[in-house]
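Read off the chains here:
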Amino acid sequence: MNYDIMRVLMTGGGTGGHVYPALAIAELIRRNDPSSEIAFVGTEKGIENRLVPAEGYRLYHIPIQGIRRSLSPSNFKTAYLVLTSPHKAKVLIREFKPDLVIGTGGYVCWPLLKAASAMGIPSMVHESNALPGVAVRQLQGKVDVILTNFAETEKLLRAKEKVVNVGNPLRGGYEAPDRMEARRRLGIPDSVRFVILSFGGSLGAKRLNEAAVALMGELAAKKEDVMHIHATGARGYEAAKRMLAERGVAEQERIVVKEYIYDMPLYMAAADLILCRAGAMTLTEIAGMKKPAVLIPSPNVTDNHQYKNAKVLADADAAVLIEEKDLTEERLLAIVTELSEDDLRRQHMSEQIAAFARKDAGRRIYEEITSLLRRREVIKRREP
């Protein structure tokens, strides 16, 4: 390749599940090629507006939105944006002049990758979930390479010749200290035998928050060797504190409630069991840390993809799956109590979930990036 500076446009937004993989890929490109120029493309309202600038990347906007399942006037606007957004994406591409465009799913990546393909710009898309999203399914005939996290995803795509199973990229920090060092740094007393870590995402999850509070009141509050740390998300903190106060356990030292956990690798390292949703990046982090988990997939996501992510792990006995419709305080208490007392079962789950961690994911992804650019460079040189 004859690039003095590799210029890359990253796209994928709307939710953290699309933005975090894009940031991880950008980080590995920058790590391997510090001179690279990387910018992001998102929407004006997505979470990327908070996450991307914080990492020092330029963020462009394309007007696009998803289709609502219910009959809504908003879908007329969506139809209009579907027609006009690829043209605006082409204008942006001509301005930035990327050598490569990479998408990580979500409706915002569709117009940019469609435009890049039409303009002959090398392009690839990474699908973190077991079930490929609408944008990825629509783009499979246009992009050059499709990277997947789950091996099962290839079966659900037509363009199998383009699929490369590489795993999920992880950002730096998930080389956390061992369990005892993490506990020392977090100030967890030696008398605590078992640590539960639970969370529902940056905004939180009402049903999961309620279940976590109930579990705290029945387990950590009554067993002196159990500690429970829970992140409520921005919307659930005050309600969780109120529910704990109503149970009379708000001041318990072994019950810790936070709005958000900023040093998640450290907290994961200290935990013996994790209770959470089943977003692809979360599962990748848990697998990388080899942590047993109880997964409660969000039912409020497109195509119920979190359930399918969790089912892959549950079928391998790498995690326990509870659908939200089946979640009761009694059932969760029984499962967590059993796991807290069964060291062998947790060890087995730890070994099983570790098999889903691709330690070489970053290397594989960067190799696919450089391979694609080399192939396209050869084709360009051959053109008359």
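Placed above this text is the structure.
What counts as what
- In this numbering scheme, every chain counts its residues from 1 along its sequence in written order.
- A pLDDT threshold of at least 70 governs which residues receive local features in this predicted model, and a stricter bar of 80 or more applies before side-chain atom pairs are shown or counted, although totals over entire chains, interfaces and linings include all residues.
- Only hydrogens and water are set aside when side-chain values are computed; all heavy atoms of the structure are taken into account.
- Going along the chain from the N terminus, every DSSP run of H or I of four or more residues is numbered as a helix, and every run of E of two or more is numbered as a strand.
- The buried label applies to any residue whose accessible area, calculated with a 1.4 Å probe on protein chains only, is under 20% of its type's maximum; exposed applies above 50%, and partly exposed to all values in between.
- By definition, residues are in contact when any of their heavy atoms lie within 4.5 Å.
- In this description, accessible areas are obtained by the Shrake-Rupley approach with a 1.4 Å probe, and a residue is regarded as covered only by the protein chains that are shown.
- When DSSP locates at least two bridges between a pair of strands, those strands are taken to pair.
- Whenever a helix is involved, its axis is fitted only over the stretch in contact; in every case the axis is a line through C-alpha atoms, and angles between N-to-C directions fall within 0 to 180 degrees.
- Angles are sorted into four bins: roughly parallel if under 35 degrees, roughly antiparallel if over 145, roughly perpendicular if 65 to 115, and oblique for all others.
- Here the term charged refers only to Asp, Glu, Lys and Arg, the term nonpolar to Ala, Val, Leu, Ile, Met, Phe, Trp, Tyr, Cys and Pro, and the term polar to all other amino acids, Gly among them.
- Orient the strands so they point away from the viewer; a crossover is then right-handed if the path from the first strand over the helix to the second runs clockwise.
- Expected span, for any helix, means 1.5 Å times one less than how many residues it has.

Q: Looking at this model, I keep getting lost on the overall build of the protein. Mind explaining?
A: Across its full length, the protein holds 14 helices and 13 strands. Expressed as a percentage of its 384 residues, the buried residues of the protein come to 54%. For the protein, long-range pairs separated by at least 24 residues make up 65% of all intrachain contacts whose partners lie at least 6 apart in sequence. When the accessible surface of the protein is summed, it comes to about 17900 Å², and 50% of that surface belongs to carbon and sulfur atoms.

Q: Can you walk me through the sheet that holds strand β8 (residues 194-199) in this structure?
A: Two orientations exist for strands paired in a sheet by backbone hydrogen bonds: parallel and antiparallel. Across the sheet, which stays open at both edges, the six strands sit in the order β10-β9-β8-β11-β12-β13 with parallel pairing between neighbours. The sheet terminates laterally at β10 (255-258) and β13 (320-321), the two strands that pair on one side only. Where β8 lies against strand β9 (residues 226-231), six bridges are found, and the strand directions are parallel. Paired with phenylalanine 194 across the bridge in β9 is valine 226. Contacts from helix α10 (residues 280-289) reach β8, β11 (273-276) and β12 (293-295) within the one sheet, and its direction differs from that of β11 by about 180 degrees.

Q: Which parts of the structure should I look at to understand the packing of helix α12 (residues 329-341) against helix α13 (residues 343-354)?
A: Helices that pack against each other are described as a pair by the angle of their axes relative to one another and the distance between those axes. Direction vectors running N to C along α12 and α13 enclose 95 degrees, while the axes themselves pass 5 Å from each other. With respect to α13, the axis of α12 lies roughly perpendicular. Judged by residue contacts, Leu339, Ser340 and Glu341 of α12 engage Asp343, Arg345, Arg346 and Met349 from α13. Of the residues that constitute the contact of α12 with α13, the class distribution is two nonpolar, one polar and four charged.

Q: Teacher, can you tell me more about the pairing of strand β6 (residues 145-148) here?
A: Two faces belong to every sheet, and in a regular strand the side chains alternate between them. Here β6 shows two buried faces, one formed by Val145 and Leu147 and the other by Ile146 and Thr148. Regarding the hand of the β-α-β motif, the stretch spanning strand β5 (residues 123-127), helix α5 (residues 134-139) and β6 is right-handed. Where β6 and strand β7 (residues 163-165) come together, three bridges link them in parallel fashion. Bridged to threonine 148 within β7 is asparagine 165.

Q: Honestly, the pairing of strand β1 (residues 7-11) in this entry has me stumped. Any pointers?
A: Across the five residues of β1, four count as buried, placing the element largely inside the fold. As defined by bridge partners, β1 adjoins strand β2 (residues 37-42) across five bridges and the pair is classed as parallel. Bridged to methionine 10 within β2 is phenylalanine 40. Assessed by its sense of winding, the connection that carries the chain from β1 through helix α1 (residues 16-32) to β2 is right-handed. Sheet topology places β1 next to strand β4 (residues 100-103); four bridges connect them, and they run parallel.

Q: I'm lost on the side chain of serine 198 in this one. Help?
A: Locating serine 198 in the fold gives a position in strand β8. Given the relative accessible area of 0%, serine 198 is considered buried. Not counting residues up to four positions away in its chain, the partners in contact with serine 198 are Ala212, His228, Ile229, His230, Ala231 and Leu275.

Q: Can you help me understand the sheet that holds β4 in this one?
A: With respect to topology, seven strands assemble into an open sheet ordered β3-β2-β1-β4-β5-β6-β7, the strand pairing being parallel. At either margin of the open sheet sits one strand with a lone partner, and together these are β3 (58-61) and β7. Within this sheet the neighbouring strands show an average axis-to-axis angle of 25 degrees, counted without direction. When β5 meets β6, the two strands line up parallel, connected through four bridges. Looking at β6, one finds that glutamate 127 is bridged to threonine 148. Here α1 sits on the sheet and contacts β1, β2, β4 and β5; the angle it forms with β2, its principal contact strand, is near 170 degrees. Its contacts with the sheet put helix α4 (residues 109-118) on β1, β2, β4 and β5, and the angle it makes with β4 is roughly 150 degrees.

Q: Sorry if this is basic, but what is going on with helix α7 (residues 206-220) here?
A: Since the α-helix packs 3.6 residues into each turn, any two residues three or four apart lie on the same face. Taking 1.5 Å per residue, 15 residues should reach 21 Å; α7 reaches 20 Å between its end C-alpha atoms and fits that length. The element α7 is extensively covered by neighbouring structure, given that 11 of its 15 residues are classed as buried. Among the residues of α7, Leu208, Asn209, Ala211, Ala212, Val213, Ala214, Leu215, Met216, Gly217, Leu219 and Ala220 are the ones counted as buried. Looking at the buried residues of α7, the elements they touch are β8, β9, α8 (237-247), β10, β11 and α12.

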